[in-house]
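# Breakdown of the fold
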Amino acid sequence: MVLEFIGSIYEFIFILGGIAGVVMGFDRLIKSEEEESHKLQWLAFAGAVLVFASVILIVYNKQTITNYSALFGFLFFIATIARPLKKIPFAFLAAIIIGLGIFYLVMSNVGEISILSNISLKWLVIGIIVIVVIIFIIGFFQESAMDGLLVVLGWSPIILILSITLIVQGITLLLDWPDVDGILSYLPG
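Definitions and limits used
Residues numbered from 1 in each chain as written. Predicted model: local features only at pLDDT ≥ 70, side-chain atom pairs only at ≥ 80, totals over all residues. Heavy atoms only, no water. Helix = DSSP H or I, 4+ residues; strand = E, 2+ residues; numbered from the N terminus. Buried < 20%, exposed > 50% of the residue type's maximum accessible area, 1.4 Å probe, protein only. Contact = heavy atoms within 4.5 Å. Core = buried A, V, L, I, M, F, W, Y, C linked by side-chain atoms within 4.5 Å. pLDDT = per-residue confidence, 0-100. Salt bridge = Lys/Arg side-chain N within 4 Å of Asp/Glu carboxyl O. Phe/Tyr/Trp six-rings, centres within 6.5 Å; stacked < 30°, edge-to-face > 60°.

Let us now look at the overall build of the protein. Along the backbone of the protein there are seven helices and two strands. Starting at the N terminus and ending at the C terminus, the protein contains elements arranged as α-α-α-α-β-β-α-α-α. Relative to its 189 residues, the protein shows a buried fraction of 43%. Partitioning the contacts of the protein with sequence separation of at least 6, the portion at a separation of at least 24 is 71%.

Written out as structure tokens, the structure reads:
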């Protein structure tokens with residue numbers, strides 16, 4: 001019952017999570033890291049967790065969600081938590097691997113999925129894990145490499161782009177425009 005309810009409102013969760021991300025992204029854009037609002041960081045984190053949890057619950061319940069909606073929801077989650085995890089490199093590695101693992105297990109529950117011009121989701125997830133592990137190993141020897149990845153992922157323009165994409169996707173899904181896949185239907189695959 002709860003799972004079906006989430007499946008019927010996930011578009012609103014995308015919109016609200018995206019709005020929280022936009023607000024935090026603008027705060028991050030105009031303020032230094034020390035001056036950022038901790039309340040906005042928690043608000044965006046809560047929005048990102050809701051987006052990620054809704055994607056996982058929808059797919060687990062075998063309700064309909066587009067592959068790109070799930071992928072962008074996951075990327076939004078990772079980008080939003082990247083900066084706080086910058087201070088704990090191993091936690092970031094564990095979070096990425098566990099998050100990707102859960103994402104893959106749930107997404108594979110609906111069958112074989114291909115994204116980005118027929119690349120299997122399995123290979124995309126494995127590729128991301130390998131890249132993150134390689135960067136972590138490099139970062140183990142040179143911490144600035146990991147900090148660089150986290151800075152890029154947590155960079156306000158990235159957060160703003162992903163947040164705005166989530167808002168637009170949520171709105172277009174509500175309107176069934178241009179089709180049932182929303183605005184992300186224009187992406188290849």
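Ranked by internal contacts, the top residues of the largest apolar core, which has 37 residues, are Phe14 and Ile65. Sequence-distant contacts of Phe14, defined by excluding residues within four places in its chain, comprise Val51, Ser54, Val55, Ile65, Ser69, Leu166, Ile167, Gln169 and Gly170.

Let's shift gears to the confidence of the model for the protein. Residues of the protein with pLDDT of at least 70 account for 80%, and the chain-wide mean is 80. Within the protein, the element-level pLDDT minimum falls on strand 1 (residues 114-115), averaging 60, and the maximum on helix 7 (residues 156-175), averaging 92.

Our focus in this paragraph is the pattern of salt bridges. Counted under the stated rule, the structure contains two salt bridges. Residue Lys31 is joined to Asp27 by a salt bridge in which the shortest nitrogen-to-oxygen separation is 3.0 Å. Among the ionic pairs, Glu36 bridges to Arg28, the shortest N-O distance being 3.2 Å. You can call Arg28 buried: its relative accessible area is 5%.

It is worth spelling out the packing of aromatic side chains at this point. Per the counting criterion, the structure on display carries four aromatic pairs. Where Trp42 meets Phe45, the ring centres are 5.7 Å apart and the plane angle is 85 degrees; that geometry is what we call edge-to-face. Highlighted residues: Trp42 and Phe45, both in helix 2 (residues 38-60), separated by three residues, approximately one helical turn. Exposure remark for Trp42: the relative accessible area of 59% places this residue in the exposed category. One aromatic cluster is present, built from ring pairs that chain together Phe52, Phe74 and Phe77.

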